[in-house]
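Structural features, examined
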Amino acid sequence: MPAIKLNNISRDYGLGIFGVQDVSLDIEEGEFMVLLGPSGCGKSTTLRMIAGLEETTSGEISIAGRDVTRLAPRARNVAVVFQSYALYPHMSVRENMRFGMKMRKTPRAEQEARIAQAAEVLGLQAYLDRKPSALSGGQRQRVALGRAIVREPDVFLMDEPLSNLDAKLRGEMRQELVKLHRRVGKTTVFVTHDHVEAMTMGDRICIMRNGRIEQVGPPLEVYARPRNTFVAQFLASPAMNLIPAELTASDGGIALGAGPIAGPLPAREAAAYRAGVGRALQFGLRAEDIATEAKPGTLPFEGSVTAVEALGNENLIAVESGGHRIAARVDRHFLPKLGETVTLHADLAHMHLFDAADGEALVREA
Amino acid sequence: MLRKVVSHVGLILAVVIVLFPILWVLRTSLVPAHDSYSTAILPAVTLDNYRALFADKDFGRNYLNSLIVAGLSVVLTMPLAAMTGYAFARFRTGGRIARFATLASQMLPPVALALPTFMLFRTLGLTNSLLGLTIVYAAINLPFLIWILMGFFESIPEDLEGAAMTDGATRWGAFWRVVLPVAAPGIMAAAVLGFILSWNEFLFALILNGSSTATVPVALASLQTSNGVQISNVAAGVSLAILPLMIAAKFIQKYLVEGLSFGSVK
Ligand SMILES: Nc1ncnc2c1ncn2[C@@H]1O[C@H](COP(=O)(O)OP(=O)(O)OP(=O)(O)O)[C@@H](O)[C@H]1O
Ligand SMILES: [Mg+2]
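Residues numbered from 1 in each chain as written. Chains lettered and ligands numbered in written order. Predicted model: local features only at pLDDT ≥ 70, side-chain atom pairs only at ≥ 80, totals over all residues. Heavy atoms only, no water.

Some thoughts on helix 4 (residues 137-150) of chain A
Residue and element names in this part refer to chain A. If you check helix 4, its first and last C-alpha atoms are 20 Å apart, about what 14 residues at 1.5 Å a residue would give, namely 20 Å. Those residues of helix 4 not exposed but buried are G138, Q139, R140, Q141, V143, A144, L145, G146, R147, A148, I149 and V150. E152, located one to two residues past helix 4, shows a positive phi value of around 50°. (Helix = DSSP H or I, 4+ residues; strand = E, 2+ residues; numbered from the N terminus. Expected span 1.5 Å × (residues − 1). Buried < 20%, exposed > 50% of the residue type's maximum accessible area, 1.4 Å probe, protein only.)

So, the site of ligand 1
All names here are of chain A. Around ligand 1 sit 13 residues in total, of which S39, G40, K43, S44 and T45 are the nearest. Between ligand 1 and G42, the relevant distance is 3.0 Å, taken from an oxygen atom to a main-chain nitrogen or oxygen of the residue. Between ligand 1 and S44, the relevant distance is 2.6 Å, taken from an oxygen atom to a side-chain nitrogen or oxygen of the residue. Coverage of ligand 1 by the protein chains reaches 58% of its 640 Å² of free accessible surface. Tallying contributions element by element places helix 1 (residues 43-51) first for the shell around ligand 1, with three residues. Residues belonging to the shell around ligand 1 are distributed by class as follows: four nonpolar, seven polar and two charged. (Near = heavy atom within 4 Å. Polar contact = N/O pair within 3.5 Å; in protein donor to acceptor, adjacent residues only side chain to side chain. Areas by Shrake-Rupley, 256 points an atom, 1.4 Å probe, with all protein chains shown as cover. Nonpolar A, V, L, I, M, F, W, Y, C, P; charged D, E, K, R; others polar.)

Quick word on the packing of helix 3 (residues 59-90) of chain B against helix 8 (residues 171-200) of chain B
Relative placement of two packed helices is described by the angle separating their axes and the distance separating the axes. All names here are of chain B. For the pair helix 3 and helix 8, interaxial distance at closest approach is 8 Å and the crossing angle is 140°. Here helix 8 runs oblique to helix 3, going by the angle between their axes. Of the two possible hands of crossing, helix 3 and helix 8 adopt the one that is right-handed. Between helix 3 and helix 8, the contacting residues are Y63, S66, L67, A70, G71, S73, V74, M78, A82, M83, Y86 and R90 on the first element and R171, W172, F175, V179, I187, A190, A191, G194, F195, S198 and W199 on the second. (Axes fitted to C-alpha atoms, helices over the stretch in contact; angles between N-to-C directions. Parallel < 35°, antiparallel > 145°, perpendicular 65-115°, else oblique. Left-handed = near helix turned anticlockwise from the far one by under 90°. Contact = heavy atoms within 4.5 Å.)

Some details on the environment of Q21 of chain A
All names here are of chain A. Within the element layout of this structure, Q21 appears in strand 2 (residues 18-27). Along the sequence, Q21 and T57 sit 36 residues apart, while their C-alpha atoms lie 9.8 Å from each other. For Q21, the residues in contact, after removing those within four places along its chain, are I9, S10, G211 and R212.

Some thoughts on the packing of helix 3 (residues 108-122) of chain A against helix 4 of chain A
All names here are of chain A. Contact geometry for helix 3 and helix 4: axes closest at 10 Å, N-to-C directions at 140°. When the axis of helix 3 is compared with that of helix 4, the two are oblique. The handedness of the crossing between helix 3 and helix 4 is right-handed. Contacts between helix 3 and helix 4 involve R114, I115, A118 and L122 from the first element and R142, L145, G146, I149 and V150 from the second. For the contact of helix 3 with helix 4, the per-class residue count stands at six nonpolar, one polar and two charged.

Regarding the domain arrangement of chain B
A common measure of how large an interface is: the accessible area buried when the components associate. Residue and element names in this part refer to chain B. Annotation of chain B at the domain level lists domain 1 (1-46) and domain 2 (56-258). Taken residue by residue, the interface counts eight residues in domain 1 and seven residues in domain 2. Together, V25, S29 and Y37 form the three largest contributors to the area buried by domain 1 at its contact with domain 2, with a combined 54%. At the boundary of domain 1 with domain 2, the tally comes to zero residue pairs in polar contact (both at pLDDT 80 or more). (Domains from an automatic or database assignment. Buried area = accessible area lost by both parts, 1.4 Å probe.)

Here we look at the pairing of strand 3 (residues 32-36) of chain A
Residues and elements named next belong to chain A. Most of strand 3 is tucked away: five of the five residues are buried. Every second residue of strand 3 is oriented toward a common face, with F32, V34 and L36 on one face and M33 and L35 on the other, all of them buried. Both strand 3 and strand 8 (residues 187-192) contribute to a ladder of five bridges, which runs parallel. Counterpart to V34 in the pairing with strand 8 is F190. (Pairing = 2+ DSSP bridges.)

Thoughts on the side chain of S239 of chain B
Residue and element names in this part refer to chain B. In this structure, S239 sits in helix 11 (residues 231-261). The exposure class of S239 is buried, given its relative accessible area of 13%. Within polar-contact distance, the side chain of S239 engages the backbone oxygen of A235 at 2.8 Å. With near-sequence residues (within four places) excluded, S239 lies in contact with V25, L26, S29 and Y50.

Below, the structure is given as structure tokens:
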């Protein structure tokens, strides 16, 4: 039995505007599920529907096997961490944490014990008697977390809780949250539009676009096998390179023609993509699958350098060739000048092919 | 430096111009009646004018009437205004029409309502009664206060209620335990405003009520008799009438500052 079951849920705002449309998703007990997608894709709406803060116009939601679609938020036993934190400004940190337990008539001694424990885990002991307005962004974020934890809910729902923090703090909190999730082991739905958060935190990620689910799966699996060009491009930065391409059969093998990247496919890829011969395709290759030196299974291509970003640990470069712009993630010692012509090598072992018309990935056979 | 001096002189001048009539009223209330129209600043100081006001004119009664009517009308209006304002801010209750009607009722000249109100209240036996005037003031102030409070509630992030409701509160509980306390400065400011409006109201008080239930503005007007204006008594009455307004202004200042800054609390 899944911890949360979304069965074809929609949020219809009227006049054909949908915040969420026909979303079905099973979230397992104890799972850390990340909802990922661009702004306006319906992540928050989905989360708020699970919490009961947004009306579900069709479909059913069940939590722990119980149909909660028409239940008030307070009857669902979920805790929400809002992007704005939504701390009660007129209450101290302690009162903020106590509020939910008070509403649920948790015994007083138990309340104190849970507050003390959460304060210790989150390093909030020194701030318990302060008002939220006297806290920094990171501290407020932890209070919001603490307020959720002490409730001991069935499910944690978090809407971009890290997006108001600076980069360093965000990195730390990312790890803290993962650690916390391991300790507490509660089902968590975590909304973000940051693909790094999604990759590093999720047991599974659910990628959304325009109110619909595009793909669900473990991060590395989605990364390795994006179902379509949208997922392929969204789940990385720089986005996956896409080049219009075709496959042609040539003396026993298959030849790839994708802008400057042209030549015979290695035997394994040739076998895997036999079905793509003769179709209008898009060839996809991630920036890190472009090498500076030839290896077995790579195809060389030339291009003139149009951008160089030296990040210290690696360099992101972009080359232009035959009207195509190709981004590559290369070793920090490979530092060409702007306008210089360089030879790069496309590693076809990690290539992707998509249908040019609908963007769907070609299934790799074998 | 020079600019600072100049601007300060300018400001002080402005303050004097604004305050002078009030200060002169205060001065007139404190000098003997025969010195009322003299140009001497303080020829003598006496409390006779105040004494006369209370002893001969029953001004204490009027003052009490005003306090009762203005205070009770606020107590009556605020809960209604808070709940309606909240409903307008958060739900589609009544649609645009209800919002517009609320505002539109403020655009009617009060005179247009005075006569029908008088006829109605006479039938109901509510003329010459403090309760009647209280009801009128509550009704007159309600739309205005709804409108103000709607603005305050709209500025409170909805997520706060979302948090309260997932934390286990009902919609009503979220309103009572979270929204109201957070909006308290705004609500207090609105209440003070409502009090001031009722305190100063003249037309309905004049038309509906007789001498035993007259309020301060009506009592002051009645001092302008056919055989002249009893200026020293008027000055004393006006000075006393201003007193609650000054206290109210102090409150409003405090609450409005808090009220305007509470949005910054994340
Ligand atoms: N009251 C409303 N009426 C009409 N459309 C709405 C309403 N509320 C939200 N929407 C639409 O629903 C869609 C989903 O919104 P949602 O807030 O879930 O996006 P999101 O994925 O959380 O985006 P973000 O990353 O910016 O927070 C948006 O396109 C938004 O315009
Ligand atoms: Mg959102």
